[in-house]
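So you can see what is in the structure, the chains are spelled out below.
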Amino acid sequence: MSAKLLGWVLLLYFSGSLLYLVAAVFQQRPLNLPARWAVLGGWGLHTLSLIWRWVESHQLNIGHAPLANFYESLVFFSWAVICVAYLSFWRQMRDYLGSFVAILACLILAYASFGGHASDIMPLMPALKSNWLIIHVITCFLAYAAFALGFGAALLYFFVSRPATVKKQRERQAQLLVTAQDLDDLIYRAIMIGFFLLTLGILTGAVWAESAWGRYWSWDPKETWSLITWLVYAGLLHARFARGWQGKRIALLAVVGFAAVLFTYFGVSFLLPGLHAYLT
Amino acid sequence: MWLSLWQGLTSVRLALLSLLLVGLGSILGTLLPQRQALEFYQERFGTVGAALIGRLGLDDVYRSPIFLSFIALLLLNLIACSLKRLPEVWRQVQSQPGLEAYKTLPPRLQLTWNRPEQSPQQFLMGALPRLLGRPKVVEDNGTTWYLIRRGRWGRLGPYIIHLSIIIVIIGAIIGNLGGFQGQINLMPGEATDVLRLTDPPGDKKLDFSIRLDNFQVSYYPNGTPQEFRSDLTFLQGGQPVKTAILRVNDPVTFGHLTFYQSTYQAMPQGPVVLEATLGEKTFMVEASLRQRLPLPDDQGMIMVWKVESNIMGLGPAVQLAYRPTGGGHPLLFWVLADTSRGQPPQPGPLTFRIKELALTYSSGLLVKYDPGVGWVYLGFLLMLPGFWLALFVPRQRWAIAVVPQGKGKYRLTIAGVGDRHKIVLQRRLEKLQAAFEE
């Protein structure tokens, strides 16, 4: 039943993204409002479906938060993207950026629904039966979502600041209703939020691993790659705060960081064996 | 020479470099299969490649001297940076900048105060604590200055994070040098005082013994394990001193050791009795685990390879290895105890049925002593306020100058700076403006 709701969520995110895009391309600013309603309406249903799935699992007597396999993690990731974007960047969620966020959430959800992943509610294996599961997974995926946002802003930054005459650039920025400076600011603010959450995710994971496996750190591929991701963003923040990097170089690092996020999430799950293998 | 070494050690460039090196080492450790036999590397990378991998320690990257030296470099850089910059930052946090420092702030907003019913002083003293913070009021040549400093503790954030990372790494070192880890496997009723160490391998005698009183596994309807638990008794001098229930995710501590429920293994209790059929002929076979058993009439050999209490929700089963006469590869297949839902196909001329199968379990416990884990957790705890201060406490300084223009009119100039958080500054300013326009 919760999966049926997700069909509507998908539709709402998609139409929201489309409306944002039309608002941006054709300079129809008022369209941002219905776009926002579509996305937020979709997010409301999305939240409902998460709760519903949780209830369903309890009806099956295997009650656990819907965060236990790859399918469930994708559905939650999609939810987290909207959540972080609108909570932290309410004002910036319009036009191209609004469209990017909505289409990203839509694509993740579509991949979850049509990617052929097992979507049945499965019972939890003993190692996962812990209250740390919820806080660990939530912090990690909110972090991924914030990094995805930083990535989107970085892409838009490259688009806005691509080589042109000063006059043309100014025209372009006026048309896009966003300046390179705003995007630069947004990139690093999204990354700060993501960095904080990723740190929380790694720490909660370590504490959990200590109680489940007797080792707070075991160089498992997932752990290691989350550390690598953390190092990339730590490098980015140092480059910015201590060496004053801005603009293109920071945007580039934001792209590299998000590539590390993607590898941590997908690459490790599919390519490298390890303790987190139950995700697949 | 020492000065340039010091400058190198404290540089941001070295920080970025050591982050990069630790990152690259970590990547290598995930891509290159770790802790494999020499033959494995020779097969993939040739003799020279394998020798190089062995020499550089790349078969166990995270313990190799090279990788550890990268971490040492990072640690050194963290300590050096903190020593170099902390005194200056501490001085800045503690300092009380005078009016002159505020006068140079860039002006952001200018307003004319034209509200006879209220003086700007009254308004600002009422509104500022809510909007920006409690102001310090300074009179200077007829101009009243309202000075506000926000988030000054934020500057300490990065140093608290660095300190916490140093503490975590030190905790890890303490744990690695002073700790140990091992395994204990027990059958129900069995007791032991010997711990099998994993790295380096060896036996360790404990000053107490541990007894497994009972072991239970429960299964979900689909056959996957739901929970397993060991009921343990700790004995000292033969006397029980503590009983505990050990579950996954719920370790038990005794003395300075921590016990984790790690694995379990089903075991046959007594011999497995099998009925073998060959054509018209039926005969009984009694087999113990991993014991070769020649079949009569020169029909080859069988061995009970493994037993499971619940395989894929189909109940207890025995995995047999059958080797036909004249050698060849042994064939592995499962025989179910409960045949009501059919039996998987069995290779070879014989068919087997289980007549008697009584199961018990051995419980695998992970045991560890880690004197560093407290330091690691202390580092974790310290990291949280550090991050909060560094990332979410924006540093701002504001100065509002009120200049009387006569006839109850005033000119207000609002000046302010914030480091890093341009948008945060902008929002504050917007809020201020809205408050003034009310």
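Residues numbered from 1 in each chain as written. Chains lettered and ligands numbered in written order. Predicted model: local features only at pLDDT ≥ 70, side-chain atom pairs only at ≥ 80, totals over all residues. Heavy atoms only, no water.

J.: Which residues make up the overall build of chain B, and what values do they have?
T.: Broken down by element type, chain B carries 9 helices and 20 strands. A compact globule built from 438 residues would reach a C-alpha radius of gyration of about 22 Å, whereas chain B, at 36 Å, exceeds it by more than 25%. Each principal axis of the C-alpha distribution contributes one length, and for chain B these read about 120 × 60 × 50 Å. Burial status across chain B gives 42% buried among its 438 residues. Across chain B, the fraction of contacts at a sequence separation of at least 24, relative to all contacts at a separation of at least 6, is 57%. Accessible area for chain B stands at about 23200 Å²; split by element, carbon and sulfur atoms hold 58% of it. Side chains of chain B give 44 positive and 31 negative charges; the mean places of these two sets differ by 16 Å. (Helix = DSSP H or I, 4+ residues; strand = E, 2+ residues; numbered from the N terminus. Rg over C-alpha atoms; globule rule 2.2 N^0.38 Å. Buried < 20%, exposed > 50% of the residue type's maximum accessible area, 1.4 Å probe, protein only. Contact = heavy atoms within 4.5 Å. Areas by Shrake-Rupley, 256 points an atom, 1.4 Å probe, with all protein chains shown as cover. Lys, Arg positive; Asp, Glu negative; His and termini not counted. Charge placed at Lys NZ, Arg CZ, Asp CG, Glu CD.)

J.: Before we move on, could you go through the side chain of Glu275 of chain B and cite the residues and values that matter?
T.: Position of Glu275 of chain B among the secondary structure elements: in strand β11 (residues 272–278). Once residues within four sequence positions are removed from consideration, Glu275 of chain B is found in contact with Thr282, Phe283, Met284, Thr351, Phe352, Arg353 and Lys355 of chain B.

J.: Please give an account of the interface of chain A and chain B that cites residues and values.
T.: At the interface, 51 residues of chain A touch 48 residues of chain B. In total, chain A and chain B occlude about 4300 Å² of area from one another, counting both sides; carbon and sulfur atoms represent 67% of this. Linking Lys368 of chain B and Glu210 of chain A is a salt bridge whose minimum nitrogen-to-oxygen distance equals 3.0 Å. Considering every element that reaches the side of chain A that touches chain B, the biggest residue donor is helix α7 (residues 180–212) of chain A, with 18 residues. Among the residues forming the side of chain A that touches chain B, the class breakdown is 34 nonpolar, 9 polar and 8 charged. (Buried area = accessible area lost by both parts, 1.4 Å probe. Salt bridge = Lys/Arg side-chain N within 4 Å of Asp/Glu carboxyl O. Nonpolar A, V, L, I, M, F, W, Y, C, P; charged D, E, K, R; others polar.)

J.: Could you give me a rundown of the packing of aromatic side chains, with the residues and numbers involved?
T.: Under the counting rule described, the total for this entry stands at 51 aromatic pairs over all chains. Centre to centre, the rings of Tyr157 of chain A and Phe158 of chain A are 6.4 Å apart; their planes meet at 75 degrees, and the pair counts as edge-to-face. Pairwise contacts between aromatic rings join Trp43, Phe70, Phe76, Phe77, Trp79, Tyr111, Phe141, Tyr144, Tyr265, Phe266 and Phe270 of chain A into one cluster. Sitting over the ring of Phe159 of chain A, Arg162 of chain A keeps its end group 4.5 Å from the ring centre. In this arrangement the basic side chain of Arg115 of chain B is found over the ring face of Phe123 of chain B, its NZ or CZ atom lying 5.7 Å from the centre. (Phe/Tyr/Trp six-rings, centres within 6.5 Å; stacked < 30°, edge-to-face > 60°. Lys NZ or Arg CZ within 6 Å of the ring centre and 35° of its normal.)

J.: Outline the sheet that holds strand β10 (residues 257–268) of chain B, supporting the account with residue identities and numerical values.
T.: All names here are of chain B. Strand order in the open sheet made by the 8 strands is β8-β7-β6-β5-β4-β18-β10-β9, with antiparallel pairing throughout. The sheet is open, and its two borders are formed by β8 (239–247) and β9 (252–254), each paired with just one other strand. On average, each strand axis in the sheet is tilted by 40 degrees relative to the strand beside it, whichever way the strands run. Here 8 bridges tie strand β7 (residues 225–236) to β8, and the two strands are oriented antiparallel to one another. In the strand pairing of β8, Arg229 is matched with Arg247. (Pairing = 2+ DSSP bridges. Axes fitted to C-alpha atoms, helices over the stretch in contact; angles between N-to-C directions.)

J.: Describe the sheet that holds strand β13 (residues 293–294) of chain B, and please don't skip the residues or the numbers.
T.: All names here are of chain B. What the 4 strands build is an open sheet, ordered β13-β14-β15-β16; its pairing is antiparallel. Edge strands, defined here as strands with exactly one partner in the open sheet, are β13 and β16 (331–336). Here β13 runs beside strand β14 (residues 301–308); their pairing, made up of 2 bridges, is antiparallel. For Leu293, the partnering residue across the bridge sits in β14 and is Ile302.

J.: Please give an account of the side chain of Glu72 of chain A that cites residues and values.
T.: Residues and elements named next belong to chain A. Position of Glu72 relative to the elements: it lies in helix α3 (residues 70–88). Note on Glu72: relative accessible area 2%, which makes it buried. Those residues within four positions of Glu72 in sequence are excluded, and the remaining contacts are Arg53, His64, Ala65, Pro66 and Leu67.

J.: Would you mind going over the domain arrangement of chain B in detail, with residue names and values included?
T.: For chain B, the domain assignment lists domain 1 (2–92), domain 2 (96–151 + 394–437), domain 3 (177–265 + 362–382) and domain 4 (272–357). The distance between the C-alpha centroids of domain 1 of chain B and domain 4 of chain B comes to 53 Å. (Domains from an automatic or database assignment.)

J.: Residue-level account of the nonpolar core, with values.
T.: Ranked by internal contacts, the top residues of the largest apolar core, which has 119 residues, are Val101, Ile187 and Trp230 of chain A. Among the elements that make up this core, the one with the highest residue count is α7 of chain A (19 residues). Sequence-distant contacts of Trp230 of chain A, defined by excluding residues within four places in its chain, comprise Phe195, Leu198, Thr199 and Ile202 of chain A together with Ile165 and Phe387 of chain B. Judged by nonpolar contacts, the second largest core, of 44 residues, contains Leu195, Leu246, Phe352 and Ile354 of chain B. (Core = buried A, V, L, I, M, F, W, Y, C linked by side-chain atoms within 4.5 Å.)

J.: Give a description of helix α4 (residues 65–94) of chain B that names residues and reports values.
T.: An α-helical turn contains 3.6 residues, so any two residues separated by three or four positions project in the same direction. Residue and element names in this part refer to chain B. Look at α4: 42 Å from first C-alpha to last across 30 residues, which is about the 44 Å you get at 1.5 Å a residue. Listing the buried residues of α4 in full gives Phe67, Leu74, Leu75, Asn77, Leu78, Ala80, Cys81, Ser82, Val89 and Val93. Taken together, the buried residues of α4 touch α1 (2–9), α2 (12–31), β3 (143–150) and α7 (157–178). (Expected span 1.5 Å × (residues − 1).)

J.: Explain the pattern of salt bridges residue by residue, including any values.
T.: All names here are of chain B. For the coordinates displayed, the defined rule picks out 20 salt bridges over all chains. Between Arg91 and Glu88 there is a salt bridge, with its nearest N and O atoms 3.1 Å apart. With Arg91 and Glu88 both in helix α4 and 3 residues apart, the pair spans about one turn of that helix. Residue class for Glu88 comes out partly exposed when judged on its relative accessible area of 35%. Shared partners join several salt bridges into a network, and the residues in it are Arg35, Asp60, Arg63 and Asp199.

J.: Lay out the domain arrangement of chain A in plain terms, naming residues and giving numbers.
T.: Residue and element names in this part refer to chain A. Assigned domains within chain A: domain 1 (1–122) and domain 2 (125–280). Using only C-alpha atoms to locate each centre, domain 1 and domain 2 end up separated by 19 Å. In this complex, domain 1 contributes 29 residues to the contact, which on the side of domain 2 involves 29 residues. The tally of links between domain 1 and domain 2 comes to 2 residue pairs in polar contact (both at pLDDT 80 or more). Mapped onto the side of domain 1 that touches domain 2, the elements with two or more residues apiece are α3 and α4 (95–114). At 11 residues, α3 tops the list of elements feeding residues into the side of domain 1 that touches domain 2. Residues that form the side of domain 1 that touches domain 2 fall into these classes: 21 nonpolar, 5 polar and 3 charged. (Polar contact = N/O pair within 3.5 Å; in protein donor to acceptor, adjacent residues only side chain to side chain.)

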